[in-house]
Amino acid sequence: MLASPPVKTPAPESRPTSPLRFPPPRAAWERPAPAGWISSLHLWALRVLELLASVGAALLSTRLAVLAWAMTDRPLEGARFAGWLLVCCLAVLLGAAPIAWLVRRLGGIALVAEMFADTDRLARVQGRPPVWPDEPPADAGALRLAHLSDLHLAESEEIRLVEGERPPGNRAFAELLETPEIAESEVLLVTGDITDRGTAATWQVFFEALDKHGLAERTLLVPGNHDLMLVRALEPGHVMERALSVDRFAIIQLANLYKFAEAFAKTLGGRHGVVARDAALGLPEGAGGWAPADMRSVVTFVEAWRHVQAKVEPLLDSLPAESTPTLRPLHLVSDWRRLKAHAARIEDARARLLALFPVAVPLASKDAVVFVLNSCTLVSRHPAFNAFGMVGKAQHQRLDQLARCFPQRLRLVALHHHLVRRGEELATDLRDRVFARFGLLGDWWRLVRFCREQGIRAVLNGHRHLSYELRLPNGTVLLAAPSSTIGDELSHDTRPQFGFLRFPIEPLPIQAVSAHRSVVRLPAPAGTLSAEKVA
């Protein structure tokens, strides 16, 4: 049974009544140069041309294949054979074009198709509501974990959030850190969207709050789409102009990836985390490997980050002063080469940063490990695709590699995106149903299989600002957290809140979740629906 947590008694403070300000501009290295923006209409026109060219190539290839077949009704000799061979070669070359286009776009097509076909996902995972123990575990060595999510911090309390004219979570987060459960917890897990825009100034606000309570060494961060993927901030100007702008080389995402990795390195995950050795990291042979023979396939996060930082930071520093290559009619070939080289440098830096995940964070004193995943899609250049979630095959391969090296008795997984939708979301209006579909993890089945094979105790996530609990047939429990500062938006509960969990190292010998969970809630902000109900 879920225990009823104590609620603080002081009256809620009222929010500032002055108009909220638009977010300040990013630093020069955090955003693309003016020439780095491109119209999405231009981009979609190129995509349509690619599609039409691929379809045309497929039709022409089919026509040539039919012609080649018809030429075999007579003996192929001399010039006829040469003509037949030429027709066959042209048919193969033209047929390869649509196949290459399909392979390039297959991942995105499959992701969108999976999100649209998620109606029966609850039934496919065969989940059931979990049964919680009535009392906390008697095991004195149980892991005490505070689960927060979606803080949406901003540069200051007067800055409006990107998604709606409301204040950020700065004040609520500061109040949550004052609770005794935070002081008692051994791990402070934040499952994504720590910041609202991923700016360096906001990360400074976050660490100032942690340092005030000495919590950085106990804090474990998970990347969220607002931390990494948010493409364009809400700013004054024409709405259509903002909506149609595309970050051509995804510079904002690259800078946000770097800032998150830098923040991760300062906390529990960075100091004790381990990553799988991957060619994309570009590590020299033998660097950072662990002493045991079975650990030679992994490297400490500290060593991997030191190497990646040395490669990526100079690029970010140099980009603001570089001019974005443009294509000139009289210098088309040379300009195209410069453009490709420019894009290749950026993509190489992005690949290094993405290869830092997943991270295994062993908690040696508890015989426990937390696997931190990056569930944000590889590249997002437009606001419409910011919320998409996908771990990807390459990251799952590294996850399997890490799991073989860390066979702890208590194993947890933390990521940002939901695996399934709550049942109530299936009955809401059309707009909410569409947005709910695109807030899910696209390749959820891989993670469900990993949990079944590796005996994962719990999967913890955030993202949709709503809570749910679901127990899989193998015993893994899915725990989704609402926004700790905004509240549970599906139930219209605006109280700041977080989950406080106690995980015994040994699973319980009963058909219940091997953990105890309570919810810590503060009073709702004045003037909100929850505050009126409490009053």
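None of these values were measured; they are calculated from a predicted model.

**Q** Honestly, the pattern of salt bridges in this entry has me stumped. Any pointers?
**A** When the charged atoms of two side chains lie near each other, side chains of opposite charge can form a pair. Counted under the stated rule, the structure contains 20 salt bridges. Across the pair Glu469 and Arg517 runs a salt bridge whose closest N-O atoms are separated by 2.7 Å. One end of the pair, Glu469, is in strand β12 (residues 468-471); the other, Arg517, is in strand β15 (residues 516-521), with 48 residues separating them in the sequence. Note on Glu469: relative accessible area 27%, which makes it partly exposed. Overall, the relative accessible area of 10% leaves Arg517 in the buried class. Among the charged side chains, a salt-bridge network with shared partners connects Arg144, Glu184, Glu186, Lys366 and Arg502.

**Q** Just to check I follow, could you spell out the pairing of β15 for this structure?
**A** Sheet faces and side chains relate simply in a regular strand, where the side chains alternate between the two faces. Burial within β15 is extensive, with five of its six residues counted as buried. Sheet analysis places strand β14 (residues 497-503) next to β15, joined by six bridges and oriented antiparallel. Within β15, the position partnered with Gln497 by the bridge is Arg521.

**Q** Would you mind going over the packing of helix α11 (residues 301-318) against helix α12 (residues 332-354) with me for this structure?
**A** The N-to-C vectors of α11 and α12 enclose an angle of 150 degrees; their axes lie 10 Å apart at closest approach. Note that α11 runs across α12; the crossing there is left-handed. Facing Trp305, His307, Val308, Lys311, Val312, Leu315 and Ser318 of α11, the residues of α12 in contact are Arg345, Ile346, Ala349, Arg352 and Leu353. Residues of the contact of α11 with α12, tallied by class, amount to seven nonpolar, two polar and three charged.

**Q** I would appreciate a short explanation of the confidence of the model for the protein in the present structure.
**A** Detailed conclusions should not be drawn from predicted coordinates in areas where pLDDT is low. Residues with a pLDDT of 70 or more make up 81% of the protein, whose mean pLDDT is 82. Across residues 1-14, confidence stays below pLDDT 50; counting only partners more than four residues off in sequence or on other chains, it has 32 contacts. Predicted confidence is poor over residues 531-535, with pLDDT under 50, and the contacts of this stretch with residues over four places away or in other chains come to four contacts.

**Q** What is the right way to read the nonpolar core from this model?
**A** Soluble globular proteins: nonpolar side chains tend toward being buried together. Counting 81 residues, the largest nonpolar core has Leu148, Phe206, Leu353 and Leu356 as its most contacted members. Tallying contributions element by element places helix α9 (residues 251-265) first for this core, with nine residues. Among all residues touching Leu353, those that are not within four sequence positions of it are Leu254, Leu257, Tyr258, Ala261, Trp305, Val308 and Val312. Val369, Cys405, Phe406 and Val420 belong to the second-largest nonpolar core, a separate cluster that totals 32 residues.

**Q** Just to check I follow, could you spell out the sheet that holds strand β8 (residues 359-363) for this structure?
**A** Within a sheet, neighbouring strands are paired by backbone hydrogen bonds and run either parallel or antiparallel to one another. Here we have eight strands laid out as an open sheet, ordered β7-β6-β8-β9-β10-β11-β13-β12, and mixed in their pairing. Taken across any chain shown, the strands that pair with only one partner, and hence form the sheet edges, are β7 (298-300) and β12. Mean inter-strand twist for the sheet, computed between neighbouring axes without regard to direction, equals 20 degrees. Here four bridges tie strand β11 (residues 458-461) to strand β13 (residues 477-480), and the two strands are oriented parallel to one another. Within β13, the residue paired with Asn461 across the bridge is Ala480.

**Q** It is not clear to me how the sheet that holds strand β4 (residues 219-222) should be interpreted in this structure. Could you clarify?
**A** Read from one edge to the other, the open sheet built from five strands follows the order β4-β3-β2-β14-β15, with strand pairing classed as mixed. Taken across any chain shown, the strands that pair with only one partner, and hence form the sheet edges, are β4 and β15. Here the strands of the sheet are splayed against their neighbours by 20 degrees on average, with no regard to which way each runs.

**Q** Would you take a moment to explain the side chain of Ser54 for this structure?
**A** With respect to the helices, strands and loops of the structure, Ser54 is situated in helix α1 (residues 40-70). Excluding residues that lie within four positions of it along the chain, Ser54 makes contacts with Ala97, Pro98 and Trp101.

**Q** Hey, could you run me through the environment of Arg502 in this one?
**A** Within the element layout of this structure, Arg502 appears in strand β14. In the structure, Arg502 is positioned 357 residues away from Leu145 in sequence and 6.3 Å away in space, judged by C-alpha atoms.

The rules behind the values
Residues numbered from 1 in each chain as written. Predicted model: local features only at pLDDT ≥ 70, side-chain atom pairs only at ≥ 80, totals over all residues. Heavy atoms only, no water. Salt bridge = Lys/Arg side-chain N within 4 Å of Asp/Glu carboxyl O. Helix = DSSP H or I, 4+ residues; strand = E, 2+ residues; numbered from the N terminus. Buried < 20%, exposed > 50% of the residue type's maximum accessible area, 1.4 Å probe, protein only. Pairing = 2+ DSSP bridges. Axes fitted to C-alpha atoms, helices over the stretch in contact; angles between N-to-C directions. Left-handed = near helix turned anticlockwise from the far one by under 90°. Contact = heavy atoms within 4.5 Å. Nonpolar A, V, L, I, M, F, W, Y, C, P; charged D, E, K, R; others polar. pLDDT = per-residue confidence, 0-100. Core = buried A, V, L, I, M, F, W, Y, C linked by side-chain atoms within 4.5 Å.

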